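Fold and geometry: a report
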Amino acid sequence: MYDVIIIGCGIIGAAAAYELSKYDISVALLEKENDIAQGATKANSAIVHAGYDPEEGTLMAKYNIKGASMMKGICEAFDVPYKQCGAFVLAFDDNDMQEVEKLYKRGKNNGVPGLRITGHDETLALEPHLSNNIIGALYAPSSGIVDPWDLCIAYAQTAVRNGVDLKLSNTVVDIVKMDDRFIVRTDKGEYETRYVVNAAGTHADRINDMVCEHRFTIVPTKGEYYVIDKKDSDLINATIFQCPSAKGKGVLVSRTVHGNLIVGPDADPQEDPDDTSVKQSALDYIMEASLRSVPTINFRSVIRSYAGVRANSDVGEFVIGEAPETPGFINLAAIKSPGLTSAPAIGLDAVDILKDAGLNMKKKNEYVETRKMIRFDELSAEEKNALIADDPHFGKIICRCEHVTEGEILAAIHDVIPALTIDAIKKRCRSGMGRCQGGFCGPRIAEIIARETGMPMTDILQGPVGSEILVAPTKSREEA
Amino acid sequence: MEFKYDVVVIGGGPAGLAAAYSAWEQKDTKVLIIERLEELGGILNQCIHNGFGLHYFREELTGPEYAQRFIDRLKETDVDIMLNTMVTDISSERVITAINPVNGCFEIKAKSIVLAMGCRERPRGAISTPGTRPAGIYTAGAAQRYANMDGYLVGRKIVVFGSGDIGLIMARRMTLEGAEVIAVLERGGVPSGLTRNIVQCLDDFGIPLMLNTTVVDISGRSRVESITIAKTDSRKNPIPGTEQKIDCDTLLLSVGLIPENDIPEATGVRMDPRTNGAVVYENDETTTEGIFACGNILQVHDLVDYVTSEAIRAGKGAAQYAKNGEPGSEGLLDVEVDTNMITYAVPQMIRPANVEKNVDISFRVRDRYEDSRIVVKDEEGNYVARYGVKAYIIPAEMQRITLPGKMLEKAKGSKIIIGIEKGE
């Protein structure tokens, strides 16, 4: 029997698992996919929001501000790419300017540091590629960008190093409440636990309803994005927002921590919590809207489009805390934007919520609280040489666009959370994220996975279960 | 350890092999080939079909055989070869930074450099097709590598999008392996691959070529389950109401090639937006002194034979630069084209004093022209050269003319213009 089972290994579940892994309790982390960080954590705007958006007094405001203040420290400890690049909210007319002033006041009330309103000239002096049609902007210097997958992966890896049991490919099908414990049934087996933490993202309402009163309904809301080639991405420094509307924070233009430009998202409610297909109409919309902010974005340099599904809900607020009617069941649910920013703070709070719910826990004497990554391309020539001398696999570049070495790929394959699909390796190493989108390195990475694991090539997956990249040997191989 | 060479050739594919041999032939030239992979030959190694060498060797060879001819020639020379070595930077002073498992991260000083890194295939992201992002979508070249190098099939029910040569070749290859190739789709009204490939790879196997057709949606969460196609209008945009769903497990893309130009661009080599390759002089030298370019990094070719002759010119130029330095540019001629009919020409500039006998100029036309001839005029509109009437000239086939140096001397003004005229 576990003390705690966390359902869902996105950024929220992973952050909670890490914080709990510092205590002398047994924790399991169940994930329905065959890798972690597969839901909204994988496909979002990658922004650390300053905190001027959520209304005063909401949980969203509280966790946003606290999470943003924790982000730099946690990213340093985990060696996760993070950059405090600032953000602008653009005003194109007087209505927008009123909205900017409203956001300014709200931000001040929420405690956002350094906020100010900039005029047309100052804004353009700071961001020369913005549209000349702006009349002013809200400037939030504390806003930032982060690698959301790597943050989730770092949390989960460190949690696992501290003893958390990660169980991939386990879809929860039922939860039964007994007197002093829960039985969590998945498609793979049954697990007993004293406490359940629901961090199931777009599936969190279904999980809640298995054992609690219905208290919220997830409204899966898709957002589409374009990714632009690095060579045409050097147009802005800060993240560029438009004024928020009923649809959300509007279409943004942002750098990624890796140097690309991303443009998006749309906000399109849908039934299916897992449908991440991209619609042409949405792509057309984000292109048009983004050009209003930054007119010179070169859409001929698009290298990828993607969509993520946000766990928006009908309550318009995070649902966090123990269900009063079901003691021991804790929701960390309905985490929409600013969920990524809030994650460190929500994870931390999970500890207090569980303590309040009666779980006795004592800090371990020793636990891991840092993580190091080798990112070959970022090293100096001396560091590269030292690394190659120690392990020649670092002298072999597999992904030529992003300069990812075989050494980095082997580290991902043999990690405490083994990366065994092409997408899992991509999320950890960036292989396939450049201009040719894996056309060159994909086959080579498949060969490396097969070699390292002994899996037949025809079993190698692109990503999810059922995504085999090859269907059969050729005739000549069959005969051989 | 310090590495110093007269000529360093980056890339060990068809262009690099020929350039290195040609540079070595210039006597007393110390040449190095840097190759990223574990063997020489480049993309030819996975091109196991025949049809290579018809022009250059007057024989029909497979890709690996064609490459082996040059590898064998190099074995008789003192050209050095570094395998498993990736170049990460080139300075305008021709210092190359490279990485490999043996030497680590190291520098090579070159008197001249030949860029011969080839090109990449445009991926799905570049054409921004909506829908899901499952397994089962590959560039034709990736599928070719899986089939011919690794010995695996990527799918059983296949649609090929784009009528580039690799797509056509793979339509045939997959059919021979027992897969069903449902159709080859082309967004425009004219196939982009060679006529001989349309005939030998599609017609001979009864594979339909659907012109003016595009992919508007992809379905399937883990693996491709179907695609939706639509007819296109004259601007290649889908026409609403013409959608049609096709069940398939694989979509192969053959939608164009992008010269591998990140490094030269970062070095400051001037690029031609029409070719996505470097701007070069008559000997394939770029605008950065001592740096040459040839093969698919310079312009996308249809025939390896033409890559070879371009590379021979670059290798020779690089060896001469290593010996004699920069040639004079008196009387510099810009090579321009009649932009209504021709998209680009390579080389873009000619230094007449540096033309020994002839200069080869290659270019592509915008449209199909029948019973027409290629002409070269000077700035005053006088004919510099007129070539024989051809039954047809098509965009899919790169055109090449040999312009005698003597004729260049006649040219008045500072440029020559290539055009197409109706023959009589």
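Given the structure is predicted, the values throughout are model-derived calculations rather than measurements.

Within chain A one finds 13 helices and 23 strands. In terms of overall dimensions, chain A has C-alpha extents of about 65 × 60 × 45 Å along its principal axes. The buried share of chain A, reckoned over its 480 residues, is 62%. Taking all contacts inside chain A whose residues are at least 6 apart in sequence as the whole, residues at least 24 apart take part in 72%.

Let's shift gears to the domain arrangement of chain B. Parsing chain B into structural domains produces domain 1 (1–122 + 257–327), domain 2 (125–255) and domain 3 (330–424). Measuring from the centre of the C-alpha atoms in domain 2 of chain B to the corresponding centre in domain 3 of chain B gives 35 Å.

Attention now moves to the interface of chain A and chain B. The interface of chain A with chain B comprises 56 residues on the first partner and 44 residues on the second. Summed over both partners, the interface of chain A with chain B buries about 4200 Å², with 54% contributed by carbon and sulfur atoms. Connecting chain A to chain B are five salt bridges. Contributions of two or more residues to the side of chain A that touches chain B are made by helix H7 (280–293), strand E18 (302–313), helix H9 (381–390), helix H12 (441–453), strand E23 (472–473) and helix H13 (475–479) of chain A. Looking at which element gives the most residues to the side of chain A that touches chain B, the answer is E18 of chain A, with six residues.

Attention now moves to helix H4 (residues 140–150) of chain B. A large share of H4 of chain B lies buried, amounting to ten of its eleven residues. Looking one or two residues past H4 of chain B, Gly151 of chain B carries a phi angle of roughly 85°, positive in sign.

So, about the environment of Pro14 of chain B. Residues and elements named next belong to chain B. With respect to the element layout, Pro14 can be found in helix H1 (residues 14–25). Taking the C-alpha atoms as reference points, Pro14 and Ile297, separated by 283 residues in sequence, lie 12 Å from one another. Setting aside its immediate chain neighbours within four residues, Pro14 contacts Gly41, Leu44, Val304 and Val307.

Here we take up helix H10 (residues 406–413) of chain A. All names here are of chain A. In terms of burial, H10 is largely enclosed, as seven of its eight residues are buried. The complete set of buried residues in H10 reads Glu406, Gly407, Glu408, Ile409, Leu410, Ala412 and Ile413. Buried residues in H10 make contact with strand E21 (397–399), strand E22 (404–405), helix H11 (422–429) and H12.

Right, let's get into the side chain of Thr132 of chain B. Within the secondary structure, Thr132 of chain B sits in the loop between helix H3 (124–127) and strand E10 (137–139). Polar side-chain contacts of Thr132 of chain B include one of 2.8 Å to the backbone oxygen of Gly220 of chain B. Beyond its immediate sequence surroundings of up to four residues, Thr132 of chain B is in contact with Ser277 of chain A together with Arg124, Ile218, Ser219 and Gly220 of chain B.

With that settled, the discussion passes to unusual backbone geometry. All names here are of chain A. The linkage connecting Gly264 with the following residue, Pro265, adopts the cis geometry, with an omega of -10°. Mapped onto the secondary structure, Pro265 falls in the loop between strand E16 (261–264) and strand E17 (268–269). With an omega of 5°, the peptide bond between Ser337 and Pro338 qualifies as cis. Structurally, Pro338 is set in the loop between strand E20 (329–333) and helix H8 (339–356). The residue Ala334 is not glycine, and still its phi comes out positive at about 55°. Positionally, Ala334 belongs in the loop between E20 and H8.

A word on the packing of aromatic side chains. Scanning the entire structure with this criterion turns up 16 aromatic pairs over all chains. Taken together, a centroid distance of 4.6 Å and an interplanar angle of 20° make the contact between Phe88 of chain A and Tyr139 of chain A stacked. One end of the pair, Phe88 of chain A, is in strand E5 (residues 87–91); the other, Tyr139 of chain A, is in strand E7 (residues 136–140), with 51 residues separating them in the sequence. Residue classification places Phe88 of chain A among the buried positions, given a relative accessible area of 2%. Where Phe292 of chain B meets Tyr321 of chain B, the ring centres are 6.4 Å apart and the plane angle is 70°; that geometry is what we call edge-to-face. Placement of Phe292 of chain B in strand E22 (residues 291–293) and of Tyr321 of chain B in helix H8 (residues 304–324) is noted, with a sequence separation of 29 residues between them. For Tyr321 of chain B, a relative accessible area of 8% translates into the label buried.

The rules we used
- Residues numbered from 1 in each chain as written.
- Chains lettered and ligands numbered in written order.
- Predicted model: local features only at pLDDT ≥ 70, side-chain atom pairs only at ≥ 80, totals over all residues.
- Heavy atoms only, no water.
- Helix = DSSP H or I, 4+ residues; strand = E, 2+ residues; numbered from the N terminus.
- Buried < 20%, exposed > 50% of the residue type's maximum accessible area, 1.4 Å probe, protein only.
- Contact = heavy atoms within 4.5 Å.
- Domains from an automatic or database assignment.
- Buried area = accessible area lost by both parts, 1.4 Å probe.
- Salt bridge = Lys/Arg side-chain N within 4 Å of Asp/Glu carboxyl O.
- Polar contact = N/O pair within 3.5 Å; in protein donor to acceptor, adjacent residues only side chain to side chain.
- Phe/Tyr/Trp six-rings, centres within 6.5 Å; stacked < 30°, edge-to-face > 60°.

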